[in-house]
Amino acid sequence: MPTYRIAEAAELLGVSDDTVRRWIDAGRIEAATENGRAVIEGTVLAGLAAELADAPAPDRAKAVSARNRMLGIVTRTTMDTVMAQVEMVCGPYRIVSLMSAEAATELGLEPGVSAVASIKSTNVVVERP
């Protein structure tokens, strides 16, 4: 399972490094030490991202351009033999993409993994950074 440094976690959640540090100090998010640096396990980060996405946020942008690439973290995958549904949180946004199960498996999309959602019109393309 991947781990994320504080700066990486902050970028994926759309908050500042200081906010992530405060959440760690307050016990809202669990961190470990790896090579002398604080890191957050991907599944823990995915859980927090899902929690933040479900919270009401009145300051979310109402309009976006036709082409967007948003870095985020996978919070859930549902897969059968043919298709996969991949849910991500990109900053304050929750993104859901439908793709082939083969593509999701090849990309290694599972909760806690960082990915980029490329959005054009009604299509969402997910790629690993």
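Described below are features of the structure shown in this document. (Residues numbered from 1 in each chain as written. Predicted model: local features only at pLDDT ≥ 70, side-chain atom pairs only at ≥ 80, totals over all residues. Heavy atoms only, no water.)

## Thoughts on the pattern of salt bridges
Heads up, the condition is: Whenever a carboxyl oxygen of Asp or Glu lies within 4 Å of a side-chain nitrogen of Lys or Arg, that contact is scored as a salt bridge. Counting from the N terminus, the helices are the DSSP runs of H or I reaching at least four residues and the strands are the DSSP runs of E reaching at least two. Partly exposed describes any residue whose relative accessible area lies between the buried limit of under 20% and the exposed limit of over 50%, with all areas from a 1.4 Å probe on protein chains only and scaled to the type maximum.
Within this structure, the stated rule accounts for five salt bridges. A salt bridge links Arg28 to Glu51, with the nearest nitrogen and oxygen atoms 2.9 Å apart. Here Arg28, found in the loop between helix H2 (17–26) and strand E2 (32–34), pairs with Glu51, found in helix H3 (residues 42–54); they are 23 residues apart in sequence, far enough to count as distant. Since its relative accessible area comes to 40%, Arg28 is described here as partly exposed. Between Glu87 and Arg94 there is a salt bridge, with its nearest N and O atoms 3.2 Å apart. Its relative accessible area of 9% is what places Glu87 among the buried residues. A residue is classified by how much of its surface remains accessible, and Arg94, at 45% relative accessible area, is partly exposed. Three or more residues joined by partner-sharing salt bridges are found here, namely Arg76, Glu87 and Arg94.

## Re the packing of helix H1 (residues 6–13) against H3
Stated precisely, the cut-off is as follows: Note on definitions: angles span 0 to 180 degrees between N-to-C directions of axes, and those axes are lines fitted to C-alpha atoms, for helices only across the stretch in contact. Angle categories: roughly parallel below 35 degrees, roughly antiparallel above 145, roughly perpendicular from 65 to 115, and oblique for all the rest. Handedness of each helix crossing follows the sense of rotation of the near helix against the far helix: counterclockwise by less than a right angle gives left-handed, clockwise gives right-handed. In this description, contact between two residues means that some pair of their heavy atoms is separated by no more than 4.5 Å. Asp, Glu, Lys and Arg are counted as charged, while Ala, Val, Leu, Ile, Met, Phe, Trp, Tyr, Cys and Pro are counted as nonpolar; the rest, among them Gly, fall into the polar class.
Closest axis-to-axis distance for the H1/H3 pair is 10 Å, and the angle between their directions is 30°. Comparing the axis directions of H1 and H3 gives the class roughly parallel. In terms of crossing hand, the pair formed by H1 and H3 is right-handed. Side by side, H1 and H3 meet where Ala9, Leu12 and Leu13 of the first sit next to Leu45, Leu48, Ala49 and Leu52 of the second. For the contact of H1 with H3, the per-class residue count stands at seven nonpolar, no polar and no charged.

## Overview of unusual backbone geometry
With phi around 55°, Asn35 is a residue other than glycine that occupies positive phi space. The topology assignment puts Asn35 in the loop between E2 and strand E3 (37–41).

## A look at the sheet that holds E2
Using the following cut-off: Only when DSSP finds a minimum of two bridges between them are two strands counted as paired.
If you walk across this open sheet you meet the three strands as E1-E3-E2, and the pairing is antiparallel. Single-partner strands in this sheet number two, and they are strand E1 (3–5) and E2. Across the sheet, the mean angle separating the axes of adjacent strands is 50° when strand polarity is ignored. Note: E2 against E3, three bridges, orientation antiparallel. Bridging across to E3, Ala32 finds its partner in Val39. Running over the sheet, H1 touches E1 and E3 and is turned about 95° from E1.

All we've got here are geometric facts, nothing functional implied.
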